[in-house]
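Structure assessment
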Amino acid sequence: MLDEGISVKALTVVHDYSSRFPEEIYSFHKALGLTFMQFIPCVETHPSHRDRVTSYSVSAQDFGKFLCRTFDLWISDFLEGVPTTSIRFFESLLLSYAGFIPPECTLYKECGVYLVVEHQGDVYSCDFFVEPASKLGNIAQGSLTEMLNSPRQLQFGKHKSNLPKECRPCEWLSLCRGGCPRNRIRSSRDGSHNHLCQAYKMLFEHADPVLKRLACEWQRKQDNLKHIQSSTARVGRNEPCPCGSGKKFKKCCGRL
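Scope of this entry: the structure provided in the associated data block.

Rules of the game
Residues numbered from 1 in each chain as written. Predicted model: local features only at pLDDT ≥ 70, side-chain atom pairs only at ≥ 80, totals over all residues. Heavy atoms only, no water. Salt bridge = Lys/Arg side-chain N within 4 Å of Asp/Glu carboxyl O. Helix = DSSP H or I, 4+ residues; strand = E, 2+ residues; numbered from the N terminus. Buried < 20%, exposed > 50% of the residue type's maximum accessible area, 1.4 Å probe, protein only. Core = buried A, V, L, I, M, F, W, Y, C linked by side-chain atoms within 4.5 Å. Contact = heavy atoms within 4.5 Å. Polar contact = N/O pair within 3.5 Å; in protein donor to acceptor, adjacent residues only side chain to side chain. Arc of directions from axis to C-beta. Phe/Tyr/Trp six-rings, centres within 6.5 Å; stacked < 30°, edge-to-face > 60°. Patch = residues over 30% accessible without salt bridge, like charges linked within 9 Å, V, L, I, M, F, W, Y side chains within 5 Å. Areas by Shrake-Rupley, 256 points an atom, 1.4 Å probe, with all protein chains shown as cover.

Next up on the list: the pattern of salt bridges. By the definition in use, this model includes 7 salt bridges. The partner of D77 in a salt bridge is K30, with the nearest N and O atoms 2.7 Å apart. Of this pair, D77 sits in the loop between helix 2 (60-76) and strand 3 (86-87) while K30 is found in helix 1 (residues 22-31), placing the two residues 47 residues apart along the sequence. Take K30: its relative accessible area is 33%, and that puts it in the partly exposed class.

Okay, structure coming up:
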């Protein structure tokens, strides 16, 4: 598909073993031409012990290290302040820092903003909750709009905001929002502690200065671009950028 010019995203599940190789995974994807990446942590509740995860689930410490290293690799590939590789979670965080609603649903205050339709037409609240309790109906027998706004779906969405008490004073709550409910062990929806809490704290502490800087730079360029667009004198693409960077306009604010 890449040979035909079709955009392809690499969706990678990170488990206890693969979490040790962020450089290899990132480089392998890039070598194949897969510059759109998404990393899903493997967190599976043990079938016999509901208060534990399976042995192949990634630990918070290992996933935190994986995220921090992958973030550094992502940043190192920026070209003139613009990412050359797309990693959905990092881009979502950057949008949050810039004051926008992120596309990553795990960063929302509540769930329930989309539906999943299975091959036989059954509709569920989320692709991580394809189970009887989260079944909303069948596409052949009902309206998707009605299912999305149904009491059951609204109730499903509100489960996420039922956070454990240790989350409420956390300095990163406005970013994390408690994480994905599927990672709250003992019960996926009872507000218990998120298995990957420490992983996200590691990433936020590591990435915070860089994300703040990138958000400020982006806002500065946006302000400069608005100023240029409102100016009566048009700036040529090959002329010096009015922002004072010393670069040509097409290589600076004109890229946006």
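This paragraph deals with the nonpolar core. General note: in soluble globular proteins, nonpolar side chains tend to be found buried as a group. Core analysis: the largest hydrophobic core is formed by 31 residues, its most contacted members being F63, F90, L93 and L203. Those elements giving two or more residues to this core turn out to be helix 1, strand 2 (36-41), helix 2, helix 3 (88-97), helix 6 (173-176) and helix 7 (197-230). If we skip the residues at most four places from it in the chain, F63 touches V14, P41, V58, L196, A199 and Y200. One finds L225, C241, F249 and C253 within the second-largest nonpolar core, a separate group that totals 5 residues.

Counting through the fold element by element, Y26 comes out in helix 1. A relative accessible area of 3% means that Y26 is categorised as buried. Expressed as a C-alpha distance, the spacing of Y26 and H49, which sit 23 residues apart in the sequence, is 34 Å. Look past the residues within four positions of Y26 in its chain and what remains in contact with it is M37, T70, L73, W74, D77, T85 and I87. Only 3.5 Å separates the side chain of Y26 from the backbone oxygen of L73, close enough to count as a polar contact.

This next bit is on helix 5 (residues 151-158). Buried residues of helix 5: Q153, F156 and G157, and no others. Along the long axis of helix 5, the arc covered by the buried residues comes to 95 degrees, so they all point the same way. Facing away from the buried side of helix 5 by over 90 degrees, the exposed positions are P151 and Q155. On its buried face, helix 5 sits against strand 6 (135-138) and helix 4 (144-148).

This part takes up the packing of aromatic side chains. Tallied over the entire structure, the rule returns 14 aromatic pairs. Taken together, a centroid distance of 5.3 Å and an interplanar angle of 75 degrees make the contact between F39 and F66 edge-to-face. In this pair, F39 is assigned in strand 2 and F66 in helix 2, connecting sequence segments 27 residues apart. Like F66, F39 is buried.

All right, on to a nonpolar patch on the surface then. Taken together, the side chains of L95, F100 and W218 define a hydrophobic patch exposed on the protein surface, amounting to about 250 Å² of accessible area. In this fold, W218 is placed in helix 7.

Distances and angles like these do not, on their own, reveal function.
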